[in-house]
Amino acid sequence: MRVIVAILGVALFGAAKLPVEHAISETHRQLHFCAVDLNLDLREQTGQLGFIAALSGFRSLVADALFLQAHVAWERTEWARVLLLFRRITTLQPRALLFWDMAAWHMAWNASTAALNDRAQPRLALRIKAQREYFQLGKDFLERGIRNNPDRPQLYDALARLYRDKYGDHEHAAELYAKAALLPDAPGYEKRFAAYELALCPGRERDAYADLQALYKSSEKERFPTLLRRLKELEIKLEIPPDERIPD
């Protein structure tokens, strides 16, 4: 009889907590919260300490400790270790924007510059190849960060800057700035930057001119020197009639 009562108690408890667990899972899904899968891949990505942290619920503390180690590795220009540590950090804390942004910055800006200027490698072609590999690593961090945080504008903005500054890809940069501008709490400059980049895309000048004109007419606060310069350049390129151009 005691066994039957115990089994019934467990069954009732399980049935009672199912709606609560479903509600929590639905909330996590709506917030784009990616749970950490407790498998061998996680063990390989985070190391023993990180895996124990994931099991015990102390991911945040361990990620912060690893972040400090990554900072020290950066000061020592130990790029392979910086990469390893940030892979572990972002795996443990996929909703922390700072970690994705810093990881991309270290790879696409710091490590890539170090690779290009590496005096130990006499061949320029190999230095450029290493530089581009670091660009790609930074891009990968930001793309994975966006997948984990699709509702936040900061990483779209960072990826747009990477396309603009490292790849010279103004079309992708314009697209990403425009996506960032549509998200809650997006900075006001995102729309301007999207139009600036679009103005540099061959064949998209007419679209860029329309966007810049709309910004110009929306408020005097939008009439920044760069916006005025881009408008005047497009007026000449598109042969806008003099009476339709903005005042000098």
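Given the structure is predicted, the values throughout are model-derived calculations rather than measurements.

Criteria and cut-off values
- Residues numbered from 1 in each chain as written.
- Predicted model: local features only at pLDDT ≥ 70, side-chain atom pairs only at ≥ 80, totals over all residues.
- Heavy atoms only, no water.
- Helix = DSSP H or I, 4+ residues; strand = E, 2+ residues; numbered from the N terminus.
- Buried < 20%, exposed > 50% of the residue type's maximum accessible area, 1.4 Å probe, protein only.
- Contact = heavy atoms within 4.5 Å.
- Areas by Shrake-Rupley, 256 points an atom, 1.4 Å probe, with all protein chains shown as cover.
- Phe/Tyr/Trp six-rings, centres within 6.5 Å; stacked < 30°, edge-to-face > 60°.
- Expected span 1.5 Å × (residues − 1).
- Arc of directions from axis to C-beta.
- Axes fitted to C-alpha atoms, helices over the stretch in contact; angles between N-to-C directions.
- Parallel < 35°, antiparallel > 145°, perpendicular 65-115°, else oblique.
- Left-handed = near helix turned anticlockwise from the far one by under 90°.
- Polar contact = N/O pair within 3.5 Å; in protein donor to acceptor, adjacent residues only side chain to side chain.
- Core = buried A, V, L, I, M, F, W, Y, C linked by side-chain atoms within 4.5 Å.

Asker: What am I meant to see in the overall build of the chain here?
Answerer: The helix and strand inventory of the chain stands at 11 helices and zero strands. Taken from the N to the C terminus, the helices and strands of the chain come in the order α-α-α-α-α-α-α-α-α-α-α. Burial statistics for the chain: of 248 residues in total, 36% are counted as buried. Across the chain, contacts joining residues at least 24 apart in sequence account for 52% of those joining residues at least 6 apart. Summed over its atoms, the accessible surface of the chain is roughly 15100 Å², and 58% of this surface lies on carbon and sulfur atoms.

Asker: Would you mind showing me how to read the packing of aromatic side chains here?
Answerer: A ring pair, where both rings are aromatic, is described by two values, the distance of the centres and the angle of the planes. Within the structure shown, the criterion is met by nine aromatic pairs. Summarising the aromatic geometry, the rings of Tyr177 and Phe193 are spaced 5.4 Å apart at their centres and angled 85° between planes, so their arrangement reads as edge-to-face. Placement of the pair is Tyr177 in helix H8 (residues 170–181) and Phe193 in helix H9 (residues 189–198), with a sequence separation of 16 residues. For Phe193, a relative accessible area of 25% puts it in the partly exposed group. Taken together, the ring pairs in this structure connect Tyr177, Tyr189, Phe193 and Tyr196 into an aromatic cluster.

Asker: Any chance you could explain helix H10 (residues 205–218) here in plain terms?
Answerer: Helical geometry note: an α-helix holds 3.6 residues per turn, so side chains three or four residues apart project in the same direction. Spanning 14 residues, H10 covers 20 Å between terminal C-alpha atoms, matching the ideal 20 Å at 1.5 Å per step. Within H10 the residues assigned to the buried category are Glu205, Ala208, Tyr209, Leu212, Gln213, Leu215 and Tyr216. Looking straight down H10, one finds its buried side chains confined to an arc of 165°; they lie on one side. Facing away from the buried side of H10, by more than 90 degrees, are the exposed residues Lys217 and Ser218. Taken together, the buried residues of H10 touch H9 and helix H11 (225–237).

Asker: I'm lost on unusual backbone geometry in this one. Help?
Answerer: As a rule of thumb, non-glycine residues mostly have phi less than zero, and peptide bonds are mostly trans rather than cis. Backbone geometry at Asp185 places phi at a positive 65°, although glycine is not the residue there. Tracing the backbone through its elements, the reader meets Asp185 in the loop between H8 and H9. The phi dihedral of Glu239 falls on the positive side, at around 55°, and the residue is not glycine. Summarising the element assignment, Glu239 is placed in the segment after H11.

Asker: Explain the packing of H9 against H10 to me, please; I cannot follow it from the model alone.
Answerer: Geometrically, a packed helix pair is captured by the angle between its two axes and the distance between the axes. H10 packs onto H9 with a crossing angle of 150° between their chain directions and a minimal axis gap of 8 Å. Judged by the inter-axis angle, H9 sits roughly antiparallel to H10. Once H9 is placed against H10, the crossing between them reads as left-handed. Each of Lys191, Arg192, Ala195, Tyr196 and Leu198 in H9 lies in contact with H10, whose residues at this interface are Asp207, Ala208, Asp211, Leu212 and Leu215.

Asker: Would you mind showing me how to read H8 here?
Answerer: Along its 12 residues, H8 runs 16 Å from first to last C-alpha, staying within 8% of the 16 Å computed at 1.5 Å per residue. Among the residues of H8, Ala173, Ala174, Leu176, Tyr177, Ala180 and Ala181 are the ones counted as buried. The N-terminus of H8 is capped by Asp169, whose side-chain oxygen sits 3.4 Å from the backbone nitrogen of Glu171.

Asker: So what exactly am I meant to see when it comes to the nonpolar core here?
Answerer: Across soluble globular proteins, nonpolar side chains have a tendency to be buried as a group. Residues Phe86, Ile89, Met107, Tyr134, Phe141 and Leu142 are the most contacted members of the largest nonpolar core, which totals 39 residues. Listed by contribution, the elements that provide at least two residues to this core are helix H3 (59–75), helix H4 (79–92), helix H5 (97–116), helix H6 (124–148), helix H7 (153–167) and H8. At nine residues, H5 tops the list of elements feeding residues into this core. Residues in contact with Phe141, not counting those within four places in the same chain, are Leu83, Phe86, Arg87, Thr90, Trp100, Ala103, Ala104 and Met107. By size, the runner-up hydrophobic cluster in this structure holds 16 residues, among which are Tyr196, Ala199, Leu234 and Ile246.

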